[in-house]
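# Survey of secondary and tertiary structure
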Amino acid sequence: MEFFIGLWEALPDGLQTVIWILLKIIAIILPLMICVAYYTYAERKVIGYMQVRVGPNRVGPKGWLQPIADAVKLMFKEIIIPSNANKALFLIAPAITLGPALAAWAVFPFDEELVLADINAGLLYILALTSVGVYGVIIAGWASNSKYAFLGAMRSAAQIVAYEIAMGFALVGVLVAAGSLNLGDIVRAQSGNGGLFSWFWLPLLPLFGVYVISGVAETNRAPFDVAEGESEIVAGFHIDYSGMAFAAFFLAEYANMILIAALSAIMFMGGWLSPFQGWPILGPLFDWVPGFVWLVLKTGLFAFLFLWLRATFPRYRYDQIMRLGWKVFIPITIVWIAVVGLAVVYQLPWWFD
Amino acid sequence: MTFEKFIFYVLAAVLIISATMVITRKNPVHAALSLILAFVASSGIWLLAEAEFLAIVLVLVYVGAVMVLFLFVLMMLDIDVATLRAGFIKMLPLGILMAIAMAAELILVVGPENFGLDKFAAPARHAADYSNTEELGGVLYTVYMYPFEIAAVILLVAIIAAIGLTMRRRPDSKYLDPANQVVVKRKDRVRMVSMDAEKG
């Protein structure tokens, strides 16, 4: 033990900082990857029960080892590179998809104090990174040199550009209401004596709806999964990918879903705040619950919503997706930003006073 | 050399190499991807200069939106590089002349005699809680109010013009009004007929 402490202190200051940051990153990524693995398991189970099946139940007790078996299988599969594909771009595309999906977690506040990089422009940072993620899909579709993959990439690009504007406007409403771009400050702005009624979901209800639905569209999930569209374009942009290259897309999709769920919890549902804060009896009764637990519960709620939507709705027709994004969501958000602006200026009681 | 300087030189090298690749790559998609890399590298340099709002907005707007649309168009176009390259040798002298003129103009404007440390003192480092975004917003809505609003109006006019260009009647396009689809009732589509059973 002495030896290790001595070794640690012998390191230069800069290196110590780098090692600390790397350890913190691992402390975020590792649980996230486990969450992703068991989110896929939860998806199959939840959708299974919704369709009166049992879902995976063979590997391990009640199928708990199924995600591990899937991961091992994908790792040992061969990565096939189409002979006419653009090899460098073909291999770089999964990395471009997965990178931003993980990097966005850097500014995410898990608790009052628990955040890797507490930067001022956290909200902008997340918005920028999620918009970079689309390149993975576009490059994958183009580099595969296949018609189906290309169609998937084109659909995805058009859809993501359309919904990103609505999503960005919804977030503009949040930052006007909170008066800050820092995610921690956004949560702090929602604390009040009304408990869950002080959160932003109530004054920003239209933006909340737009954000969650745009989030589903951004992650290319059903009912907005035209980029994959297995019944029309087989599997869309990742049709030519196999093995770990495919798994990277898969991981990125689920990591993004968890991110959108967690961000909805942060921005509209009060993050780590207790839903009974300031209530007469329930408030003190639940004071001992750590904020992290509330955040996980709220995130889980949205994560379940994603699965529920997939099991319930048929896929949107392409022109209807575009109509919803451009003609419905963007006008709603613009009008509501003006409403929020007025409410903040005139200090509407309960939320903005 | 400090670590910060090292990062600056790495980013600057990436920026210059990728910017060169934009004009040297034969494949237009590769050129566009190099341009994206150039944007990302320059946003990194802006971050080093404590302009974090501009840096993130550069990625958000140019990388996240503008270049996606660029790529969208480029990937669908079938660009014949050979015809584009025709006349390259013939036009080369003119091109070189233009390049020299542009380089000379740039050097005259941003040359070392205008931008040395003796002309402008190095800006003081700000504390960690200094918010670039707030500062920018404050200046934009007070000192530069009119230029900002005029720019906004010009952009609005451009938006209206762009929409106006697409607002032409196209009789050949098959279009369903979603509002009509939503309000459809069963009685509009299904006709119940009662028929006698066939005999024999």
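Residues numbered from 1 in each chain as written. Chains lettered and ligands numbered in written order. Predicted model: local features only at pLDDT ≥ 70, side-chain atom pairs only at ≥ 80, totals over all residues. Heavy atoms only, no water.

Next up on the list: the overall build of chain A. Looking only at helices and strands, chain A has 13 helices and zero strands in total. Radius of gyration (C-alpha) of chain A: 22 Å, near the 20 Å computed for a compact globule of 353 residues. Principal axes of the C-alpha set define a box for chain A whose edges measure 65 × 65 × 45 Å. Burial statistics for chain A: of 353 residues in total, 51% are counted as buried. For chain A, the proportion of contacts with a sequence separation of at least 24, taken over those separated by at least 6, is 77%. (Helix = DSSP H or I, 4+ residues; strand = E, 2+ residues; numbered from the N terminus. Rg over C-alpha atoms; globule rule 2.2 N^0.38 Å. Buried < 20%, exposed > 50% of the residue type's maximum accessible area, 1.4 Å probe, protein only. Contact = heavy atoms within 4.5 Å.)

Regarding its fold elements, chain B presents ten helices and zero strands. Compactness check: chain B gives a C-alpha radius of gyration of 28 Å against a globular reference of 16 Å for 200 residues, more than 25% above the reference. Reported as C-alpha extents along the three principal axes, the dimensions of chain B are approximately 105 × 55 × 35 Å. Burial analysis of chain B (200 residues in total) assigns 18% to the buried set. The averaged location of the 17 negative side-chain charges in chain B is 16 Å from the averaged location of its 17 positive side-chain charges. (Lys, Arg positive; Asp, Glu negative; His and termini not counted. Charge placed at Lys NZ, Arg CZ, Asp CG, Glu CD.)

Now for the packing of helix 10 (residues 243-268) of chain A against helix 12 (residues 291-312) of chain A. Two packed helices can be described by the angle between their axes and the distance between those axes. Residue and element names in this part refer to chain A. The geometry of helix 10 relative to helix 12 is characterised by a closest axis approach of 8 Å and an angle of 125 degrees between their N-to-C directions. In terms of orientation, helix 10 lies oblique with respect to helix 12. Note that helix 10 runs across helix 12; the crossing there is right-handed. Across the interface between the two elements, Tyr-254, Met-257, Ile-258, Ile-260, Ala-261, Ala-262, Ser-264, Ala-265 and Ile-266 of helix 10 pack against Leu-295, Lys-298, Thr-299, Phe-302, Ala-303, Phe-306 and Arg-310 of helix 12. (Axes fitted to C-alpha atoms, helices over the stretch in contact; angles between N-to-C directions. Parallel < 35°, antiparallel > 145°, perpendicular 65-115°, else oblique. Left-handed = near helix turned anticlockwise from the far one by under 90°.)

How big an interface is tends to be stated in terms of accessible area lost as the parts join. Every contact between the two is made by 26 residues of chain A and, on the other side, 28 residues of chain B. Together chain A and chain B conceal approximately 2200 Å² of surface at their shared face, both sides included; 75% is due to carbon and sulfur atoms. It is Asn-120, Tyr-135 and Trp-142 of chain A that lose the most area in chain A upon contact with chain B, and together they represent 26% of the buried surface on that side. Applying the counting criterion to the chain A and chain B interface returns zero salt bridges. (Buried area = accessible area lost by both parts, 1.4 Å probe. Salt bridge = Lys/Arg side-chain N within 4 Å of Asp/Glu carboxyl O.)

We now examine unusual backbone geometry. All names here are of chain A. For Val-52, which is not glycine, the phi torsion reads 55 degrees and is therefore positive. Tracing the backbone through its elements, the reader meets Val-52 in the loop between helix 2 (13-50) and helix 3 (66-76). Not every positive phi belongs to a glycine, and Asn-145 is a case in point at roughly 60 degrees. The residue Asn-145 is located in the loop between helix 6 (134-143) and helix 7 (147-178) in this model.

Let's shift gears to the domain arrangement of chain B. Taken domain by domain, chain B consists of domain 1 (1-78), domain 2 (80-121) and domain 3 (130-167). The straight-line distance from the C-alpha centre of domain 1 of chain B to that of domain 2 of chain B is 20 Å. (Domains from an automatic or database assignment.)

Further remarks concern helix 6 of chain A. Extensive coverage of helix 6 of chain A is indicated by the burial of ten of its ten residues. All of the buried residues in helix 6 of chain A are Val-134, Tyr-135, Gly-136, Val-137, Ile-138, Ile-139, Ala-140, Gly-141, Trp-142 and Ala-143 of chain A.

In this section: the environment of Phe-200 of chain A. All names here are of chain A. Tracing the sequence through the fold places Phe-200 in the loop between helix 8 (183-189) and helix 9 (205-218). Once the C-alpha coordinates of Phe-200 and Ala-189 are considered, the two residues, eleven residues apart in sequence, prove to be 8.9 Å apart. Contacts of Phe-200, omitting those with residues within four sequence positions, involve Val-174, Ala-177, Ala-178, Ile-186, Ala-189, Gln-190, Leu-205, Met-267, Phe-268 and Phe-352.

Here we take up the confidence of the model for chain A. On average, residues of chain A score 85 in pLDDT, and 100% of them are at 70 or above. Here helix 11 (residues 282-285) of chain A stands out as the element of chain A with the lowest mean pLDDT, 76, in contrast to helix 9 of chain A, whose mean of 90 is the highest. (pLDDT = per-residue confidence, 0-100.)

Let us look at the pattern of salt bridges. All names here are of chain A. Across all of its chains, the model carries seven salt bridges over all chains by this definition. Close ionic contact of Glu-43 with Arg-310 constitutes a salt bridge, the shortest N to O distance being 2.7 Å. In this pair, Glu-43 is assigned in helix 2 and Arg-310 in helix 12, connecting sequence segments 267 residues apart. For the salt bridge of Asp-225 with Arg-315, the shortest nitrogen-to-oxygen distance reads 2.8 Å. Of this pair, Asp-225 sits in the loop between helix 9 and helix 10 while Arg-315 is found in the loop between helix 12 and helix 13 (318-345), placing the two residues 90 residues apart along the sequence. Residue classification places Arg-315 among the partly exposed positions, given a relative accessible area of 25%. Shared partners join several salt bridges into a network, and the residues in it are Glu-43, Arg-221, Glu-253 and Arg-310.

Time to look at the packing of helix 4 (residues 87-103) of chain A against helix 10 of chain A. All names here are of chain A. Between helix 4 and helix 10, whose axes approach to 8 Å, the crossing angle comes to 25 degrees. Judged on the interaxial angle alone, helix 10 and helix 4 are roughly parallel. Classified by chirality, the crossing of helix 10 by helix 4 is left-handed. Contact residues: Ala-93, Pro-94, Thr-97, Leu-98, Ala-101 and Leu-102 in helix 4; Ala-245, Ala-248, Phe-249, Leu-251, Ala-252, Ala-255 and Asn-256 in helix 10.

Residue and element names in this part refer to chain A. Summed over all chains, the structure comprises 24 aromatic pairs over all chains. Relative to Phe-110, the ring of Trp-105 lies with its centre 6.1 Å away and its plane at 10 degrees, an arrangement referred to as stacked. With relative accessibility at 6%, the residue Trp-105 sits in the buried group. Both rings, one in Phe-276 and one in Trp-294, keep their centres 6.1 Å apart while their planes meet at 80 degrees; by these two values the pair is edge-to-face. In this pair, Phe-276 sits in the loop between helix 10 and helix 11 while Trp-294 sits in helix 12, placing the two residues 18 residues apart along the sequence. In this structure Phe-276 comes out as buried when scored by relative accessible area, which is 18%. Here the aromatic residues Tyr-39, Phe-246, Phe-250 and Tyr-254 are joined through ring pairs into a cluster of three or more. (Phe/Tyr/Trp six-rings, centres within 6.5 Å; stacked < 30°, edge-to-face > 60°.)

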